[in-house]
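Chain residues, written in single-letter form:
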Amino acid sequence: MLDPKLLRESPETVRAAIAKKHLEVDLAAVLALDTAWRAQLSEVEALRSKQRAANNEMAALKKGSPEFITKVAEMKAVSAEAKAKDEGLKVLEEKWHAAMLTLPNIPHATVPEGKTPEQNVVHASKGDVNAVSPHALPHWEIGGFANLFDFARGAKVTGAGFPFFIGDGAKLSRALLQFFLDEDVKAGYTEVSPPIFVNAASATATGQLPDKEGQMYETLDKLYAVPTAEVPLTNFYRDEILEEAALPVHRCAYTPCFRREAGSYGKDVRGLNRVHQFDKVELLKWVHPSASYDELEKLRADAERLLQKLELPYRVLLMCGGDLGFAQAKKYDLEVWAAGQQRWLEVSSCSNFEAFQARRAQIRFRSKETGKPELVHTLNGSGLAVPRVLAALLENNLQADGRVKIPAALVPYFGKEFLSFK
RNA sequence: GGAGGGGUGGCAGAGUGGUCGAAUGCGCGUGCUUGGAAAGCACGUAUAGCCGCAAGGCUAUCGGGGGUUCGAAUCCCCCCCCCUCCGCCA
């Protein structure tokens, strides 16, 4: 959520942000609601004040005395009025809050202008996309693929997009996870194993609710299967005030991630490109506002290092205003080259949310300077998503004999130098 | 899942309808005292919203929500969480 004060004091800043993100928001309507809400609030508070004063007077009076009875009659009317106005206030407040939630975060000055994904800026590129295997194939076309990644039986047992990982497929997936976690811990992130279901309050704090409930799987108990570890991880400190000395907090967590993503089809969803359940390690940072942009660069570098060690060609995109998410102030996407498909696959998205998420989740720290609580800045990024990295490895490292060469950094985790589809 | 007991400020813990944002103690901060410290003494010590240039004012918050009442930390209803015992279970 945006700072209401920013809206009041500098609506043009908000208007510019909406324009840069190429969103449609009726800002005038939000401002009108804000004014109306504040007016109603003053009225209700004035009545409350009256009730309070009367209450103190009546405490001193003798119960049942004529003065007391008169006062009760008088205050009955005030009470009724307060109740009525309070109901109106609640309605207004709900509308106001909903309207506030339609305002996007302000993009950072360094975010490039642009509307479509094509206008994202290639910030960096590592590795030679032409230097990979001449035998590259889309991973689902590799001979024996279905032996290790059984989509058909997954569909029978659960549904489309829930593959079984078998033998070397399961092992490579686990090796990647273990490798990611170890590297992230080395980079200073504390490993956390969070719950993989969250309640509605948590899903709301990170912005999945309301509006995006269709993206999550929901249980009978109104718990939501996490779409990313970001949700339970961010909510760890929800409604808390940290000591300034505790910042920054760096954490990483592996969870399976569940996404309904209804309506996707075509080559985007072939094979491992997009599935309903996948493994991912998420990196999360809670930092002092003055440090968040340095921390974003470090976060991106931490995610990049993983791809470098796996010897996978990749590029870093700096997202333009139009392709930046609603809640992000600045975002880099890491895309790995999948030589068989001849396309880039997104494997990490590193974002600075500034105080946008923290305000909604009420995560603060006590400023040493002022002694007052201030909102932290939150950042997160994948480090990394497993199936797409796995897909790129299969394609790029495919040998003439149909085996896949395992990168040196991963061999200790996988236990062999080659993966076999037999 | 069943039975019982709880949830009050940073912590402990009073408060069962009115002057209670809440006694008291601990902790913490400032000052006095002291050669210095401890003890002692004094004062202060939550969060948020709104109004205001400011000083400041007003309002809300006693697990959450709803209700009764002129008035609720206190009474009633629903929900959540914690503890003890029983059942079940990896």
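Provided above is the structure to which this section pertains.
As the structure is a computational prediction, the values presented were derived from the model and not from experiment. Starting afresh in each chain, residues are numbered from 1 along the sequence in its written order. All chains are assigned letters beginning at A, and all ligands numbers beginning at 1, according to the order in which they are written. Residue-level local features of this predicted model are given only where pLDDT is at least 70; pairs of side-chain atoms are given and counted only at 80 or more, and the full residue set underlies all totals for whole chains, interfaces and linings. Computation of side-chain values covers all heavy atoms of the structure but excludes hydrogens and water.

Novice: Sorry, what's going on with the overall build of chain A here?
Specialist: Secondary structure summary: chain A contains 13 helices and 17 strands in total. Along the three orthogonal principal directions, the C-alpha set of chain A runs to about 100 × 45 × 40 Å. Only protein chains enter the accessibility calculation, which uses a 1.4 Å probe; a residue is then buried when its area is under 20% of its type maximum, exposed when over 50%, and partly exposed in between. Looking at chain A residue by residue over its 422 residues, the buried ones come to 48%. Contact between two residues is taken to exist if any of their heavy atoms lie within 4.5 Å; hydrogens are not considered. A separation threshold of at least 6 residues defines the contact pool for chain A, and within that pool the share at least 24 residues apart is 74%. Split by element, the accessible area of chain A, about 20200 Å² in all, is 53% carbon and sulfur. We score Asp and Glu as negative and Lys and Arg as positive, and we do not count His or the chain ends. For the purpose of locating charges, the reference atoms are NZ of Lys, CZ of Arg, CG of Asp and CD of Glu. The positive charge centre, built from 54 side chains, and the negative charge centre, built from 55, are 3 Å apart in chain A. Helix and strand labels come from DSSP, where a helix needs a run of H or I of at least four residues and a strand needs a run of E of at least two; each type is numbered from the N terminus. For the area figures, the Shrake-Rupley method with a 1.4 Å probe applies, and any residue is considered shielded solely by the protein chains shown.

Novice: Quick question: what am I supposed to make of the protein's contact with RNA strand B here?
Specialist: Whether a residue is near a molecule or strand is decided by its heavy atoms; if any one of them lies within 4 Å of it, the residue is near. Taken together, 26 residues are adjacent to RNA strand B, and Arg-8, Arg-38, Ala-59, Lys-76 and Arg-364 come closest. Sugar and phosphate atoms represent 76% of those atoms of RNA strand B found within 4 Å of the protein. Interatomic distance of 2.5 Å between a side-chain N/O atom of Arg-38 and a phosphate oxygen of RNA strand B. Here a base nitrogen of RNA strand B sits 3.1 Å away from a polar atom, N or O, in the side chain of Lys-63. Among the secondary structure elements, those contributing two or more residues to the surface near RNA strand B are helix 3 (27-60), helix 4 (66-100) and strand 13 (363-366). Under the scheme applied here, ten amino acids are nonpolar (Ala, Val, Leu, Ile, Met, Phe, Trp, Tyr, Cys and Pro), four are charged (Asp, Glu, Lys and Arg), and all others, including Gly, are polar. Tallied by class, the residues present in the surface near RNA strand B amount to eight nonpolar, six polar and twelve charged. In protein, a polar contact means a hydrogen-donor-capable atom and an acceptor-capable atom, both N or O and within 3.5 Å, with residues adjacent in sequence counting only if both atoms are side-chain atoms; elsewhere, any N or O pair within 3.5 Å suffices.

Novice: I would appreciate a short explanation of the packing of aromatic side chains in the present structure.
Specialist: Two descriptors summarise a pair of aromatic rings, namely the distance from one centre to the other and the angle between the planes of the rings. The criterion for an aromatic pair is that two Phe, Tyr or Trp rings (for Trp, the six-membered ring) have centres within 6.5 Å, with stacked assigned to planes under 30 degrees apart, edge-to-face to planes over 60 apart and tilted to the rest. Counted by the stated rule, this structure contains eleven aromatic pairs. Aromatic side chains Phe-179 and Tyr-413 sit 5.7 Å apart centroid to centroid with 75 degrees between the ring planes, which places their arrangement in the edge-to-face category. Taken as a pair, Phe-179 in helix 7 (residues 168-186) and Tyr-413 in helix 13 (residues 411-414) lie far apart in primary sequence, 234 residues in all. Phe-179 gets classed as buried once you look at its relative accessible area, which sits at 1%. Look at Tyr-413 and you get partly exposed, because its relative accessible area is 26%. Each member of the aromatic cluster is reached from another via a ring pair, and the members are Phe-145, Phe-149, Phe-151 and Phe-165.

Bear in mind that shape data such as this cannot, by itself, settle questions of function.
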